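Structural features, examined
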Amino acid sequence: MKLFSSSHEFNYSWDEVSTCNWRKYCPWNHKSTHVIAVDTLSRSLDPETHILRTERLITCKQTAPQWLKSFLGAGDISHVYEVSYVDRDARKVTMCSQNMTWSELISVQEKVVYRPGSQAGKTVFEQSAKIIALCGGWQKIKNGIEEFSVERFRQNAAKGREGFERVLAISREVFAEQREQARREKQT
């Protein structure tokens, strides 16, 4: 088993980050071109806790080495199942995801949390992952798979943060333009 964790502070408010989270894989994110589709499977609001729960299926173009895809008989498409919880009262977004593709070979469980930073207008991003090779056989092979996977995860996490920063920046600009346009229309 290999563990990964990272944290980052975005220079955007929790309201901006939690709203833009739903646009994370939009065309503005030039770092997420591997994401083909994001399908919402279900969404519900708990009437007592006011927590919004969303289940999504994320479809990606596989970037595994061709020899590995051939060996496993896998195609170019992979799926990730994600469950997210938005707790507006606690000002916290929690997202948990699990790979569905190659799940008999490797388990990748990811958790992401967004919460307000210690300074106004900032949001803390915490990401963790647990990667477990499930294949039978030699420990050395399992360790190799896990080490390769955690390094790939680390690289993708950095790209993901960079792409999300771009989504946040463009969103802030677009929302400011829309507010200005609404203000002008009100004056006329």
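Refer to the structure presented above.
Throughout this description, residue numbers start from 1 for each chain and increase along the sequence as written. Selection of residues for local features in this predicted model requires a pLDDT of at least 70, selection of side-chain atom pairs for listing and counting requires 80 or more, and totals for whole chains, interfaces and linings are taken over all residues. Hydrogens and water molecules were not included; the side-chain quantities draw on all heavy atoms of the structure.

1. Some points on the overall build of the protein
Numbering goes from the N terminus for both helices and strands, where a helix is a DSSP run of H or I of at least four residues and a strand is a run of E of at least two. Looking only at helices and strands, the protein features 3 helices and 7 strands. Each helix and strand of the protein, ordered N terminal to C terminal, gives the series β-α-β-β-α-β-β-β-β-α. Overall, the protein is about 70 × 35 × 30 Å in size when its C-alpha atoms are taken along their principal axes. Relative accessibility under 20% of the residue-type maximum defines a buried residue, over 50% an exposed one, and the middle range a partly exposed one, all with a 1.4 Å probe and only protein chains included. The 188 residues of the protein split such that 35% are buried. Note on definitions: a residue-residue contact is assigned when non-hydrogen atoms from the two residues lie within 4.5 Å. Long-range pairs, those at least 24 residues apart, make up 57% of the contacts in the protein with a sequence separation of at least 6. As presented, the protein carries roughly 11300 Å² of accessible surface, and 53% of it is formed by carbon and sulfur atoms. For this count, His and the chain ends are skipped, Lys and Arg are scored as positive, and Asp and Glu as negative. To locate a charge, take atom NZ for lysine, CZ for arginine, CG for aspartate or CD for glutamate. A gap of 3 Å separates the mean positions of the 28 positive and 23 negative side-chain charges of the protein. Shrake-Rupley sampling with a 1.4 Å probe provides the accessible areas, and residues are treated as covered by the protein chains on show and by no other component.

2. Thoughts on the side chain of Lys24
For Lys24, the position within the fold is in the loop between α1 (14-20) and β2 (35-45). Of the buried charged residues, Lys24 lacks a salt bridge, with Glu82 as the closest side chain of opposite charge at 5.4 Å. Setting aside its immediate chain neighbours within four residues, Lys24 contacts Asn29, Ser32, Met95, Tyr114, Phe164 and Val167. For this analysis, a salt bridge means a side-chain nitrogen from Lys or Arg found within 4 Å of a carboxyl oxygen belonging to Asp or Glu.

3. Here's the deal with helix α3 (residues 139-187)
What a helix should span is 1.5 Å times the count of its residues minus one. Taking 1.5 Å of rise per residue, 49 residues should cover 72 Å, and α3 covers 70 Å from first to last C-alpha, within 8% of that figure. Looking only at α3, the buried set comprises Glu146, Ser149, Val150, Phe153, Ala157, Gly163, Phe164, Val167, Leu168 and Ser171. If you follow the buried residues of α3, they end up packed against β1 (2-10), α1, β6 (106-116) and β7 (123-133).

4. Some points on the packing of aromatic side chains
The aromatic pairing rule takes the rings of Phe, Tyr and Trp, using the six-membered ring of Trp, and pairs them if the centres are within 6.5 Å, calling planes under 30 degrees apart stacked, those over 60 edge-to-face and the rest tilted. All told, the structure shown has 5 aromatic pairs when counted by the stated rule. Measuring from centroid to centroid gives 5.4 Å for Tyr114 and Phe125, while their planes differ by 35°, and the two rings are tilted. Note that Tyr114 is positioned in strand β6 and Phe125 in strand β7, a separation of 11 residues in sequence. One exposure class covers both Tyr114 and Phe125, and it is buried. Ring geometry for Tyr114 versus Phe164: centroids 5.9 Å apart, planes at 50°, classification tilted. Taken together, the residues Tyr114 in strand β6 and Phe164 in helix α3 connect sequence positions 50 residues apart. Given a relative accessible area of 2%, Phe164 falls into the buried group. One aromatic cluster in this structure is built from Phe10, Tyr114, Phe125 and Phe164. A positively charged side chain is recorded as over a ring if its NZ (Lys) or CZ (Arg) lies within 6 Å of the ring centre. The angle to the ring normal must also be within 35 degrees. The lysine or arginine in question, Lys24, covers the ring of Phe164, its NZ or CZ lying 5.9 Å from the ring centre. A cation sits over an aromatic face here: Arg43 above Trp22, 4.9 Å from the ring centre.

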